[in-house]
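Structural characterization, general
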Amino acid sequence: MTAKQPPVLEVEHLSIGFESDSGILSVVEDISFSLNSGETLALVGESGCGKSLTALAMLQLLPPFGKVLSGSIKLHGKELVGLADSSMEAIRGNQISMIFQEPMSALNPVFTVGQQVAEPLILHKDMSPSEAYQRAIEMLEAVGIPDPISRANNYPHQLSGGMRQRVMIAIALACEPDILIADEPTTALDVTIQAQILDLMHDLQEKFGTSILFISHDFGVVSRMADEIAVMYAGRVIEQGTATDVLVEPKHPYTTALLNTTPRIDISVDRLPAIPGRVPTPAERPQGCCFAPRCSLASDICSSERPMSIQLTDSHSAACYEVGHG
């Protein structure tokens, strides 16, 4: 029996804050998760819950007024929090790459897509410009771009949205990173192209053995990609488990509510239910459970004391008093 491999990525008790006029405002609070080799972990939650900030902290790309307050981010056991800029530059785009939401704003408009795919290869793999450009053409072909030799000479504005997203994936995978962070990679695409991009990411993951941190608000998309799921709400992980745990047997009321808002082909409804209220801003977060003001199951303790995460099974946990006392 072979020993289980240690996680590629370990995030432990990570907290992120923003500097404000009234002091440090905590936006991500005490989150922990791990990512195994060749697997996909999905961070799921509504906009503003801290998913993208968590990813940016891994790459030391937080906004100037944001900083890691406490906690640990380890890549193959190596601590990334506080790592020198020069050391981080060797990791960013090489061992950890990121696909951003909007390829039109992430791609440089004044360079051809071939030049942009070749750039990390020149920087991290010591390839000559001609070697890197040839490899860039191969990567464009690998991500399903037709006539890659010709397309390598195109500028981003000459490509469709789906093509631009494929270029972003080619750039991200050019150096065969250990971890690919995909931040809402299909949000701006129509359903057909969205399905193609998800299938492409899955195929390339199998080919390169890449671990994926997949960030999304859409459980429909996540169900196609994830091995593990961590549900975030108001800066905290409130439920975590295997995809089966979370999608089939959700335990936190927020996870259940979020799943109910996801369209399903096997259920016909006139109108999808909506979760009442909104996610509180960091300055508005209540003393107790942040979801309590929107939760139909909330009791007095939910409003006064924040629930700790409860381990339900070896793979499934949730932070909810209803789960703990049920």
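Data block above holds the structure.
Figured I'd write up the structure that's included with this text. No experiment lies behind these values; they were computed from the predicted model shown.

1. Remarks on the side chain of Thr 54
- Relative to the elements of secondary structure, Thr 54 occurs in helix H1 (residues 51-58).
- Discounting residues that sit within four places of it in the chain, Thr 54 has contacts with Leu 14, Ile 16, Val 28, Ile 31, Phe 33, Leu 43 and Met 232.

2. Quick word on unusual backbone geometry
- One non-glycine residue, Asp 147, lies in the positive phi region at around 50°.
- Within the secondary structure, Asp 147 sits in the loop between helix H5 (129-142) and helix H6 (148-151).
- In this model, Glu 176 sits at a positive phi of 50°, which is unusual for a non-glycine residue.
- Tracing the backbone through its elements, the reader meets Glu 176 in the loop between helix H7 (161-173) and strand S7 (179-183).

3. As for the sheet that holds strand S3 (residues 40-44)
- The strand order across the open sheet formed by eight strands is S6-S7-S8-S3-S9-S10-S12-S11, and the pairing between neighbours is mixed. Strands at the two margins of the open sheet, each flanked by one partner only, are strand S6 (96-99) and strand S11 (310-311).
- Along the sheet, H1 contacts S3, S6, S7, strand S8 (211-216) and strand S9 (228-233); its crossing angle with S8, the most-contacted strand, is approximately 145°.

4. Re the nonpolar core
- Grouped together as the largest cluster of nonpolar side chains are 63 residues, with contacts concentrated most on Val 117, Val 167, Ile 169, Met 201, Phe 214, Phe 219 and Ile 229.
- Of the residues forming this core, the biggest block, eight residues, is contributed by H7.
- Among the domains, domain 1 (2-95 + 178-251) and domain 2 (104-176) are the pair contributing at least three residues each to this core.
- Discounting residues that sit within four places of it in the chain, Val 117 has contacts with Ala 136, Met 139, Leu 140, Val 167, Ala 170, Ile 171 and Ala 174.
- Ala 55, Leu 56, Met 58 and Ile 181 belong to the second largest nonpolar core, which has 36 residues in total.

What counts, and at which threshold
Residues numbered from 1 in each chain as written. Predicted model: local features only at pLDDT ≥ 70, side-chain atom pairs only at ≥ 80, totals over all residues. Heavy atoms only, no water. Helix = DSSP H or I, 4+ residues; strand = E, 2+ residues; numbered from the N terminus. Contact = heavy atoms within 4.5 Å. Pairing = 2+ DSSP bridges. Axes fitted to C-alpha atoms, helices over the stretch in contact; angles between N-to-C directions. Core = buried A, V, L, I, M, F, W, Y, C linked by side-chain atoms within 4.5 Å. Buried < 20%, exposed > 50% of the residue type's maximum accessible area, 1.4 Å probe, protein only. Domains from an automatic or database assignment.

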